[in-house]
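If you want the building blocks of each chain, they are given just below.
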Amino acid sequence: GENVEQHPSTLSVQEGDSAVIKCTYSDSASNYFPWYKQELGKRPQLIIDIRSNVGEKKDQRIAVTLNKTAKHFSLHITETQPEDSAVYFCAANGGYRGSTLGRLYFGRGTQLTVWP
Amino acid sequence: SAVISQKPSRDICQRGTSLTIQCQVDSQVTMMFWYRQQPGQSLTLIATANQGSEATYESGFVIDKFPISRPNLTFSTLTVSNMSPEDSSIYLCSVLLAGGFEQYFGPGTRLTVT
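About the thresholds
Residues numbered from 1 in each chain as written. Chains lettered and ligands numbered in written order. Predicted model: local features only at pLDDT ≥ 70, side-chain atom pairs only at ≥ 80, totals over all residues. Heavy atoms only, no water. Contact = heavy atoms within 4.5 Å. Buried area = accessible area lost by both parts, 1.4 Å probe. Salt bridge = Lys/Arg side-chain N within 4 Å of Asp/Glu carboxyl O. Polar contact = N/O pair within 3.5 Å; in protein donor to acceptor, adjacent residues only side chain to side chain. Helix = DSSP H or I, 4+ residues; strand = E, 2+ residues; numbered from the N terminus. Pairing = 2+ DSSP bridges. Axes fitted to C-alpha atoms, helices over the stretch in contact; angles between N-to-C directions.

Turning our eyes to something else, we now look at the interface of chain A and chain B. Across the boundary between the two partners, chain A contributes 19 residues, which contact 21 residues of chain B. For chain A, the biggest contributors to the area lost against chain B are Arg 43, Arg 103 and Phe 106 of chain A; these three give 28% of the whole. Our count for the contact surface shared by chain A and chain B stands at two salt bridges. Across the pair Glu 102 of chain B and Arg 51 of chain A runs a salt bridge whose closest N-O atoms are separated by 3.8 Å. Linking chain A with chain B are five residue pairs in polar contact (both at pLDDT 80 or more). Mapped onto the side of chain A that touches chain B, the elements with two or more residues apiece are β4 (32–38) and β5 (45–51) of chain A.

For the rest of this paragraph, the subject is the sheet that holds strand β1 (residues 4–7) of chain A. Residues and elements named next belong to chain A. Across the sheet, which stays open at both edges, the five strands sit in the order β1-β3-β8-β7-β6 with antiparallel pairing between neighbours. Of all the strands in the sheet, the pair left with one neighbour each is β1 and β6 (56–59). Strand-to-strand twist across the sheet, computed as the mean angle between neighbouring axes with direction ignored, equals 15°.

In short, shape yes, function no, at least from these values alone.
This is the structure we're talking about:
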């Protein structure tokens, strides 16, 4: 099955700085890569995703890049704010086939802390 | 997106008992999944809930311990059977919307086993 590695496990930045979280995956059949934000005591929230036919996607202060050749994708948050503090999870779908239809493989998570 | 509800939101249960968690979504979805999340950990997939047939379990999870039902396209249950303190965790359902790749999570059920 797919294996997703996520780094770093913790990240502290000053308000206004940028934050980058990186993930690698192993299965070249993966074609969908979502990012989830989980605040303390809350459910994971889908914040941005990218499909394998696109190299980059932006949504306001958040962007995701994908390098299929190297099998890695990254989350970029610019102009960070204290409310960006949360755990961020990357995931890959391991391809869209058979009994694994829709299954997501998650990274271990990154605790982002934004200091005011 | 979709509106997903789970019941109960939390429970404290005695060792050896069972708890059934319900997941309801307000629109038809392709797939429903059940996850477990230990404190400070990532999301671990327990099983895929298949409509009208047996669930597909991940390695390390068995039907006798985590029986799952999915009688229709918008509802599923997960039972945690013969509970022990090691089953204390947050249990979340997620849904894959029809026609898309996006998965959304329910609010979770916080289970404490004493």
